[in-house]
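Chain and residue survey
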Amino acid sequence: MTQMIETVRSSVQTWECDQMGHMNVQFYVAREQEGLASIASALGLRPRAEGLGRAGLLPMQQHIRFLRELRPGAPYVMHGGVVEATREGLVLFQEMKHTLTGTVAATFVSTVQWADLEFRTGLPLPSAALDRAPALAMALPAHAAPRGLDMSPPRPTPTLAEADALGLLTTLRGLVTQDLCDGFGFMKVQNYMGRLSDSIPNLLAQTLSRSRDGTDAGGAALEYRFIYHRPAAEGDLLVVRSGMKSVGTKTYVWCHWIFDAESGECFATAEAVAVSLDLVQRKAMDIPPQTRALFQSLIVPGISL
């Protein structure tokens, strides 16, 4: 395997951590997006390059695995490379490791498109980038492979009317504000994950009549898959609809559809493998039989991203 290039080196800040005591999933994605800039630079695709000021790499799909917690103060480093390169786009890999221990904390596989950032339209990948890609070429490592998610091609883009018909729960509703957006007025990739993270306490309240405040039990995401359908922009009203896909002994899979609340069009779909977490022992817990039975009763037949 080709030596991956270093893409990010930093540490976990307290304000990046959530009620579980570890770095929130949205900040893993934020750092992964920073790393894309380093890979773009290695491919000659940075905005300062002549004629590229309004173009950049935009994720179309992402598969993310969270393998270890990163807690406040943890130093980490990210490395990445190119799994596939064509005129239509790139498949890029990055992994985040604890700097001291070398333990892999997270992996990211992103299918990205070279695109006009102002109009969000796809562009052919420049020949110069294709020429440089072999120097970063690598095979996908085994620890980044899907474990709890089906990686079949996504279903046709859902609509809000379909979510209504399936009885999916409303788990978040809000405005796409300026602080959530990039310089072109579109919601940053990390904030799709952030909005889903914000929705989970409401999801658990509606399904388990349980709140995470004041308890030693929590939860953690192990794996995510995102499909980005169209960009959310500043001023859009956003609504998340969620449903249970499957339940195992320790893990369960939620499916989330993110919509424009006014037009009913879909911004993104996602599936997440989650686990109950003992916040004292910092370990996964089996799902209690009563909770598993409840979760099984909530499964929405045929739901997917």
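The structure reproduced in this document is the subject of the present report. (Residues numbered from 1 in each chain as written. Predicted model: local features only at pLDDT ≥ 70, side-chain atom pairs only at ≥ 80, totals over all residues. Heavy atoms only, no water.)

**With respect to the packing of aromatic side chains**
Counting across every chain of the model gives nine aromatic pairs. Consider the rings of Y224 and F226, whose centres lie 5.5 Å apart with planes at 20°: the pair is stacked. Using a relative accessible area of 4% as the deciding quantity, one classes Y224 as buried. The exposure class assigned to F226 is buried, which follows from its relative accessible area of 0%. Each residue in the set Y192, Y224, F226 and Y228 is aromatic and connected to the rest through ring pairs, giving one cluster. (Phe/Tyr/Trp six-rings, centres within 6.5 Å; stacked < 30°, edge-to-face > 60°. Buried < 20%, exposed > 50% of the residue type's maximum accessible area, 1.4 Å probe, protein only.)

**Section: unusual backbone geometry**
With a phi angle near 60°, R120 is a residue other than glycine that sits in the positive phi range. On the secondary structure map, R120 appears in the loop between β5 (104–116) and β6 (121–122). (Helix = DSSP H or I, 4+ residues; strand = E, 2+ residues; numbered from the N terminus.)

**Focus on the packing of helix α1 (residues 25–42) against helix α4 (residues 189–208)**
Between α1 and α4, the least distance of the axes is 8 Å, while the angle of their chain directions is 175°. One finds that α1 runs roughly antiparallel with respect to α4. Contact residues: α1 offers V25, Q26, F27, V29, A30 and Q33, while α4 offers V189, Q190, N191, M193, G194 and S197. (Axes fitted to C-alpha atoms, helices over the stretch in contact; angles between N-to-C directions. Parallel < 35°, antiparallel > 145°, perpendicular 65-115°, else oblique. Contact = heavy atoms within 4.5 Å.)

**Structural notes on the environment of A106**
Here A106 shows up in strand β5. Given a relative accessible area of 0%, A106 falls into the buried group. Sequence separation between A106 and E223 is 117 residues; the distance between their C-alpha atoms is 9.3 Å. Filtering out sequence-adjacent residues up to four positions away, A106 remains in contact with Y28, R65, F66, L67, Q94, E95 and M96.

**Here we look at the pattern of salt bridges**
All chains considered together, the criterion is met by 13 salt bridges. Ionic pairing is found between E16 and R31, a salt bridge with its closest N-O pair at 2.7 Å. Of this pair, E16 sits in the loop between β1 (5–11) and α1 while R31 sits in helix α1, placing them 15 residues apart in sequence. Each of the two residues, E16 as well as R31, counts as buried. Connected through salt bridges with shared partners, the residues E16, R31 and E34 form a single ionic network. (Salt bridge = Lys/Arg side-chain N within 4 Å of Asp/Glu carboxyl O.)

**A word on the nonpolar core**
Grouped together as the largest cluster of nonpolar side chains are 38 residues, with contacts concentrated most on L70, M96, Y192 and Y224. Of all elements in the fold, only α1, β2 (55–66), β3 (75–86), β5, α4, β8 (217–228), β9 (237–247) and β11 (266–278) reach the threshold of two or more residues within this core. Setting aside anything within four residues of it in sequence, one finds M96 in contact with M23, Y28, R31, L70, Y76, V77, M78, T103, V104, A105, A106 and F108. Counting residues in each nonpolar core, the second largest holds 16 residues, with I39, V82, L92 and L125 among its members. (Core = buried A, V, L, I, M, F, W, Y, C linked by side-chain atoms within 4.5 Å.)

**With respect to the side chain of E271**
Within the secondary structure, E271 is located in strand β11. Take E271: its relative accessible area is 2%, and that puts it in the buried class. A distance of 2.9 Å separates a polar atom in the side chain of E271 from a polar atom in the side chain of K245. A distance of 3.2 Å separates a polar side-chain atom of E271 from the backbone nitrogen of L305. Excluding anything up to four places from it in sequence, E271 contacts L149, E223, Y224, R225, K245, V253, W254, C255, I303, S304 and L305. (Polar contact = N/O pair within 3.5 Å; in protein donor to acceptor, adjacent residues only side chain to side chain.)

**Focus: the pairing of β3**
Examined bridge by bridge, β1 and β3 share six bridges and lie antiparallel to one another. Looking at β3, one finds that R9 is bridged to V77. With 10 bridges connecting them, β3 and strand β4 (residues 89–98) associate as antiparallel partners. Across the sheet, the residue bridging to V82 is L92, located in β4. Counted along the chain from β3 to the antiparallel partner β4, the turn is two residues long. (Pairing = 2+ DSSP bridges.)

Geometric descriptors of this kind do not, in isolation, establish any biological role.
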